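Descriptive analysis of the structure
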Amino acid sequence: MSISERVKNINPSQTLAITTQALKMKREGKKVISFAAGEPDFATPGNIREEAILAINQGFTHYTASSGIIELKEAIIEKLKKENRVEYIPSEIIVSSGAKQCLFNAILTLCNPGDEVLLPIPCWVSYTEQIKFAQAVPIFIPTYQEEAFQLSAAQVEEKIAPKTKLLLLNSPHNPTGVVYDQEELKKIAQLLLKYHIYCICDEIYEKLIYDQAKHLTLTSLNDEVKARTIIINGVSKSYAMTGWRIGYAAGPEEFISGMSKIQGHSTSNPNSIAQKASVEALLGRQDTIAEMRKAFDERRKYMVKRLNKMEGVSCLNPSGAFYAFPKVSDVLKRGIEYQGKKIENSVDLSDFILKEAEVALIPGSAFEAEGYLRLSYATSMEDIQEGLDRIEHILSY
Ligand SMILES: Cc1ncc(COP(=O)(O)O)c(C=O)c1O
């Protein structure tokens, strides 16, 4: 088969592969507990659902402007002004089918083949593949559990080279849960100006932060930084709207119109009904976020405590998102044998946990971080208790 080199180079999503395997086991009647999901287990709030129903009943079911309806752009502008203290105009906003499409459009718009993109690792699974799809080159910047996965300006500067085009930041972060330190972010912003590079900031977990963590939107710093940065955000995680597929980007008009060209020739507009619902998400009552955050916070504390009690497992308290990211390299060193084969890496270990404990989780290697596992706590407390009991049990012999 002569499929293109570009597609041959792309790895399938390991997250989706594990979710599919877990679903298959569930269909076979197994009581699989999933810590694999990247989405809130809550229902989309009622006020948002009602707006969607209204949109259908009013016949708002046709194509819209490719880059999104003006009402939604205005709602996004208002949100950014009020919550992030940064001002945009409608031509600097694009609405897409999820933050993932915004990222894809943004990377394709900014990168020429051979351009280097700085990417702190561990990192979310799709960044590397999207960069490769654009025929750009991911340059990894390792961050470490010992440093709470924080990224320093010095680490970024060390990797800047003549071909560096772009820095891709994600804070709050999937999978580590780190929220980047504000002072360090300010120094990183200075590097954009010093070396004339661009930045994409993925802020999709912005509202899911805990303890004393504070989120900083880079573009609120000053106009020069704003002129080099595209913010990516959306309603998926904050409003339990993953299936509605609405994300948005804010950035310089030239970039946004480039992104719109790609979108206009690929998916056209994001879903009309979901756009109407998203206006309500951004402008309507916000108390459901606090309820969701409270539940995540309790589960987070419980999960981290339990993980740290397991031999060979060490887990930081994540400050954002809804994932625990324990280090399991000491478990791997124990040389556990499963089906005649030694468990040597995070894929072997997650496979063992899935088959033997019937708990689905994601191996660290999916995030360019061997020796770790990612467990989502966006699931019920009962499942978290039961799932951790099972993991503890099979790891204890
Ligand atoms: C860091 C990060 N960015 C973007 C996305 C994609 O969000 P959406 O569902 O809006 O496409 C995800 C989803 O898992 C994510 O974890």
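Just so it is clear, the structure is predicted and the values come from calculations on it, not from any experiment.

Take the pattern of salt bridges next. For the structure shown, the criterion picks out 25 salt bridges. Of the charged contacts, one joins Asp297 and Lys301 as a salt bridge, the two residues approaching to 3.3 Å between their closest N and O atoms. Here the residue Asp297 and the residue Lys301 both occupy positions in helix 12 (residues 287–309), the gap between them amounting to four residues, near one helical turn. Linking Asp389 and Arg306 is a salt bridge whose minimum nitrogen-to-oxygen distance equals 2.8 Å. On the criterion of sequence distance, the pair formed by Asp389 in helix 15 (residues 381–395) and Arg306 in helix 12 is long-range, its members being 83 residues apart. Taking relative accessible area as the criterion, Asp389 reaches 39% and is therefore assigned partly exposed. Connected via shared salt-bridge partners are Lys79, Glu83, Glu206 and Lys207.

Here the structure, examined in full by the defined rule, presents 14 aromatic pairs. Consider the rings of Tyr205 and Tyr323, whose centres lie 5.8 Å apart with planes at 80°: the pair is edge-to-face. Taken together, the positions of Tyr205 in the loop between strand 6 (198–202) and helix 9 (223–226) and Tyr323 in strand 9 (residues 323–324) put the pair 118 residues apart, joining distant regions of the chain. Centre to centre, the rings of Tyr338 and Phe352 are 5.0 Å apart; their planes meet at 65°, and the pair counts as edge-to-face. Pair noted here: Tyr338 is in strand 10 (residues 337–338) and Phe352 is in helix 14 (residues 346–357), with a separation of 14 residues, a long-range link.

In terms of burial, strand 3 (residues 116–121) is a largely internal element, six of the six residues being buried. Pairing geometry for strand 3 and strand 4 (residues 137–142), over six bridges, is parallel. Along strand 4, the bridge assignment pairs Leu119 with Phe140. Where the polypeptide runs from strand 3 across helix 6 (residues 125–133) and back to strand 4, its parallel neighbour, the crossover connection is right-handed. The sheet contact formed by strand 3 and strand 5 (residues 164–170) spans three bridges and is parallel. Paired with Val117 across the bridge in strand 5 is Leu166.

Before going further, it helps to spend a moment on the sheet that holds strand 14 (residues 373–376). Strand order in the open sheet formed by three strands is 9-14-13, with antiparallel pairing between adjacent strands. In the strand order of this sheet, the two ends are held by strand 9 and strand 13 (362–363), each with one partner. Set on the sheet, helix 14 makes contact with strand 13 and strand 14; between it and strand 14 the angle comes to about 40°.

Near the ligand you find 13 residues, and of these Asn174, Asp202, Tyr205, Ser236 and Lys237 are the closest. Taking a 2 Å distance to the grid points as the criterion, the majority of the atoms of the ligand fall inside the largest pocket. Broken down by class, the residue content of the shell around the ligand amounts to five nonpolar, four polar and four charged.

With that settled, consider a nonpolar patch on the surface. Together, Met1, Ile3 and Val7 line one region of the surface with nonpolar side chains, adding up to about 360 Å² of accessible area. For Met1, the position within the fold is in the segment before helix 1 (5–8).

Here we take up empty space enclosed by the protein. Which parts of space are left empty comes out when a probe the size of a water molecule is rolled across the atoms. Scanning the entire structure with this criterion turns up five cavities of 30 Å³ or more. Around the largest cavity sit Leu169, Asn170, Ser171, Tyr180, Leu185, Cys201, Asp202, Glu203, His215, Leu216 and Leu218, which together line it. Mapped by element, the contributors of at least two residues to the lining of the largest cavity are strand 5 and strand 6. Approximately 50 Å³ is the volume found for the second largest cavity.

Another aspect to go through is the sheet that holds strand 7 (residues 229–234). Ordered by their spatial adjacency, seven strands build an open sheet running 2-8-7-6-5-3-4, and the pairing between neighbours is mixed. In this open sheet, the two edge strands, each paired with only one partner strand, are strand 2 (93–96) and strand 4. Strand-to-strand, the axes of this sheet are offset by a mean angle of 20°, without reference to chain direction. Taken strand by strand, helix 5 (residues 99–110) contacts strand 2, strand 5, strand 6, strand 7 and strand 8 (247–250), and its axis lies near 165° from that of strand 7. Against the sheet, helix 10 (residues 253–264) touches strand 2, strand 6, strand 7 and strand 8, its axis set at about 25° to strand 2.

For the rest of this paragraph, the subject is the side chain of Glu206. Along the chain, the position of Glu206 falls in the loop between strand 6 and helix 9. Residue class for Glu206 comes out buried when judged on its relative accessible area of 9%. Among the polar contacts listed, one links the side chain of Glu206 to the side chain of Lys79, at a separation of 2.9 Å. Leave out the neighbours within four places in its chain, and Glu206 touches Lys79, Glu83, Asn84, Pro172, His215 and Asn233.

Moving on, we come to the nonpolar core. Where a protein is soluble and globular, its nonpolar side chains tend to be buried together. Phe35, Leu169, Leu349 and Ile353 are the most contacted members of the largest nonpolar core, which has 103 residues in total. Counting 27 residues, the second-largest nonpolar core is a separate cluster that includes Ile48, Leu72, Met241 and Ile289.

Basis of the calculations
- In every chain, residue numbers begin from 1 and rise along the written sequence.
- Totals for whole chains, interfaces and linings use every residue, but because this is a predicted model, local features are given only for residues with pLDDT of at least 70 and side-chain atom pairs only at 80 or more, for both listing and counting.
- Based on all heavy atoms of the structure, the side-chain values leave hydrogens and waters out of the count.
- Definition used for salt bridges: Asp or Glu carboxyl oxygen within 4 Å of a side-chain nitrogen of Lys or Arg.
- By the criteria applied, helices consist of DSSP H or I runs no shorter than four residues and strands consist of E runs no shorter than two, each listed in order from the N terminus.
- Note on exposure labels: buried denotes an accessible area under 20% of the residue type's maximum, exposed denotes more than 50%, and partly exposed covers the range between, all computed with a 1.4 Å probe on protein chains only.
- Stacked, tilted and edge-to-face pairs are distinguished by plane angle, under 30 degrees for stacked and over 60 for edge-to-face with tilted covering the rest, among Phe, Tyr and Trp rings (Trp via its six-membered ring) whose centres lie within 6.5 Å.
- A strand pair is defined by DSSP finding two or more bridges across the two strands.
- By definition, the crossover connecting two strands over a helix is right-handed if that path, from the first strand to the second, turns clockwise as seen with the strands pointing away from the viewer.
- When checking whether two residues touch, look at their non-hydrogen atoms; a contact exists if any pair is within 4.5 Å.
- Helix axes are fitted only over the stretch in contact, all axes being lines through C-alpha atoms; the angle between N-to-C directions runs from 0 to 180 degrees.
- Proximity is defined per residue: if any heavy atom of the residue lies within 4 Å of a molecule or strand, that residue is considered near it.
- Buriedness of a pocket was judged along seven lines, with at least five required to meet protein on both sides within 12 Å; pockets are open sets of points on a 1 Å grid over the protein atoms alone, cavities are sets where a 1.4 Å probe fits but cannot get out, and lining residues have an atom within 4 Å of a point.
- Think of it this way: if more than half of a molecule's atoms are within 2 Å of a pocket's grid points, that molecule is in the pocket or cavity.
- All residues other than Ala, Val, Leu, Ile, Met, Phe, Trp, Tyr, Cys, Pro, Asp, Glu, Lys and Arg, Gly among them, are scored as polar; the first ten of these are nonpolar and the last four charged.
- A patch consists of residues exposed above 30% relative accessible area that lack any salt bridge, with like charges linked at up to 9 Å and nonpolar side chains (Val, Leu, Ile, Met, Phe, Trp, Tyr) linked at up to 5 Å.
- Using a 1.4 Å probe, the Shrake-Rupley method yields the accessible areas, and only the shown protein chains count as cover for residues.
- Grid points are joined across faces, edges and corners, and a volume is the space filled by probe spheres set on the points.
- The definition of a polar contact used here is a pair of N or O atoms within 3.5 Å, where within protein one atom must be able to donate a hydrogen and the other to accept one, and adjacent residues in sequence count solely through side-chain atom pairs.
- In this text, buried Ala, Val, Leu, Ile, Met, Phe, Trp, Tyr and Cys residues form a nonpolar core when linked through side-chain atoms within 4.5 Å.

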